[in-house]
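Descriptive structure summary
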There are 2 protein chains.
Amino acid sequence: MNKRGILIVLSGPSGCGKGTVLAEFFKSHPETFYSISATTRSPRVGEQDGVHYYFYTKDAFESLIEKGGMLEYAVYCDHYYGTPKAPVFAELEKGHDVILEIEVQGAFQVKQRVPEAVMVFIAPPSLQELRLRLEGRQTDSQEVIEKRLAAAKKEIEWASKYEYLIINDQVTLAKQRLETIISAEKLRVSQMKEEINEVLKNA
Amino acid sequence: MNKRGILIVLSGPSGCGKGTVLAEFFKSHPETFYSISATTRSPRVGEQDGVHYYFYTKDAFESLIEKGGMLEYAVYCDHYYGTPKAPVFAELEKGHDVILEIEVQGAFQVKQRVPEAVMVFIAPPSLQELRLRLEGRQTDSQEVIEKRLAAAKKEIEWASKYEYLIINDQVTLAKQRLETIISAEKLRVSQMKEEINEVLKNA
């Protein structure tokens, strides 16, 4: 029997470098499953079902909600977005860890439904640094940047409700911190019931 | 200001190799403080106050108990044994981690008084392995070994009330697991309040 994997719920403001940290992480942990969201919006050019999103009809999405088949969901611009429970649980059962990258509200919905989920927040070293990163992208107007910064500040205020905080001062360090958290969570007594029984077997 | 250290409460049955794991650990972490017990029994030949034990008079020990100055204590063979709070807290304040090696009852007394203490249990890979180790020492009679094994079994049944479990299958791995636990505990949001404030400063 495989040992059940760990479910990591990861949040962090836009521009904090989550994506880069995760890309580095997955290079060394290809067996870890990156949870894919479901949505009722139409696929854009190049988007594939089961790769970028699971594309559901409104009926299918609502029926899953009713059956308790969504770990979390929200409505955005008249479309549903959410995390189907089945693929996540299937991977956990196989013994694979699962990373669910998700915004704050969704994160707490997941924690409510899966209390053993490990809540990790990634933050930039400072809001000044975040401003520099957003300005450095040269894709957003000053107005958009100010909005993003205000949103980031609000999100970071939620960090204290998470279980772990990773400051993304250096990508390699941030990736190692994520690895450390996952390794330690595997040593939790709640994850080691079988090992305790094994130790006690046949004295 | 120093970041407060982590208090690790470590238990495990006699013969599980705790001592060897800790010796390896302290080689790489000389700054970590190994908490010394206090006792009212007389020093044996070669024992030094503040090295092997803090040697207290009965009055001094009881007065500390009354003032809430003991993290835990017990009476054994008509003598008090316990952990004075002051040196442990002084080291934590300095930012040093503290390891308190202690049996199960004392461990839970500490957790009650210091809820943020991290409870770690070290177990042998199996009771058979423990039997082999105890027999290999060739210091105890078969009767003593059976008693130790029965005691170990009882202790290991408490493991599930701890927070982390380290199986000491290999000393180097067990030491690394202890390091992982401590590193992850330093990433806990409760340990990172200053960092969160720092991130939010001057947007």
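Residues numbered from 1 in each chain as written. Chains lettered and ligands numbered in written order. Predicted model: local features only at pLDDT ≥ 70, side-chain atom pairs only at ≥ 80, totals over all residues. Heavy atoms only, no water.

Moving on: the sheet that holds strand S2 (residues 33-34) of chain A. All names here are of chain A. As summarised here, the arrangement of the 5 strands in space is S2-S7-S1-S8-S9, forming an open sheet in which the pairing is parallel. Bordering the open sheet on either side are S2 and strand S9 (164-167), each of which pairs with just one other strand. Looking at chain direction, strand S1 (residues 7-11) and strand S8 (residues 118-123) are connected through 4 bridges and run parallel. The residue bridging serine 11 from the neighbouring strand is phenylalanine 121, located in S8. Contacts from helix H4 (residues 104-113) reach S1, strand S7 (98-101) and S8 within the one sheet, and its direction differs from that of S1 by about 160°. (Pairing = 2+ DSSP bridges. Helix = DSSP H or I, 4+ residues; strand = E, 2+ residues; numbered from the N terminus. Contact = heavy atoms within 4.5 Å. Axes fitted to C-alpha atoms, helices over the stretch in contact; angles between N-to-C directions.)

Moving on, we get to the relation of the copies chain A and chain B. Superposition record for chain A on chain B: RMSD 0.0 Å, screw rotation 180°, translation along axis 0.0 Å. Look at the turn and shift together and you get a two-fold axis relating the two. Interface overlap between copies: 97% of the residues of chain A at the interface are likewise at the interface in chain B, consistent with a symmetric, same-surface contact. (Least-squares fit on C-alpha atoms with pLDDT ≥ 70 in both.)

This paragraph deals with the side chain of glutamate 47 of chain B. All names here are of chain B. By secondary structure assignment, the location of glutamate 47 is in the loop between strand S3 (38-39) and strand S4 (54-55). In terms of polar contacts, glutamate 47 uses its side chain to reach the side chain of arginine 41, at 2.9 Å. Ignoring sequence-local partners within four residues, the contact set of glutamate 47 consists of Arg41, Ser42, His52, Tyr53 and Phe55. (Polar contact = N/O pair within 3.5 Å; in protein donor to acceptor, adjacent residues only side chain to side chain.)

Once that is clear, we can look at the pairing of S7 of chain A. All names here are of chain A. As paired elements, S1 and S7 share 4 bridges and run parallel to each other. By the bridge assignment, isoleucine 8 is partnered in S7 with isoleucine 99. With 2 bridges connecting them, S2 and S7 associate as parallel partners. Counted as the bridge partner of tyrosine 34 is isoleucine 99 from S7.

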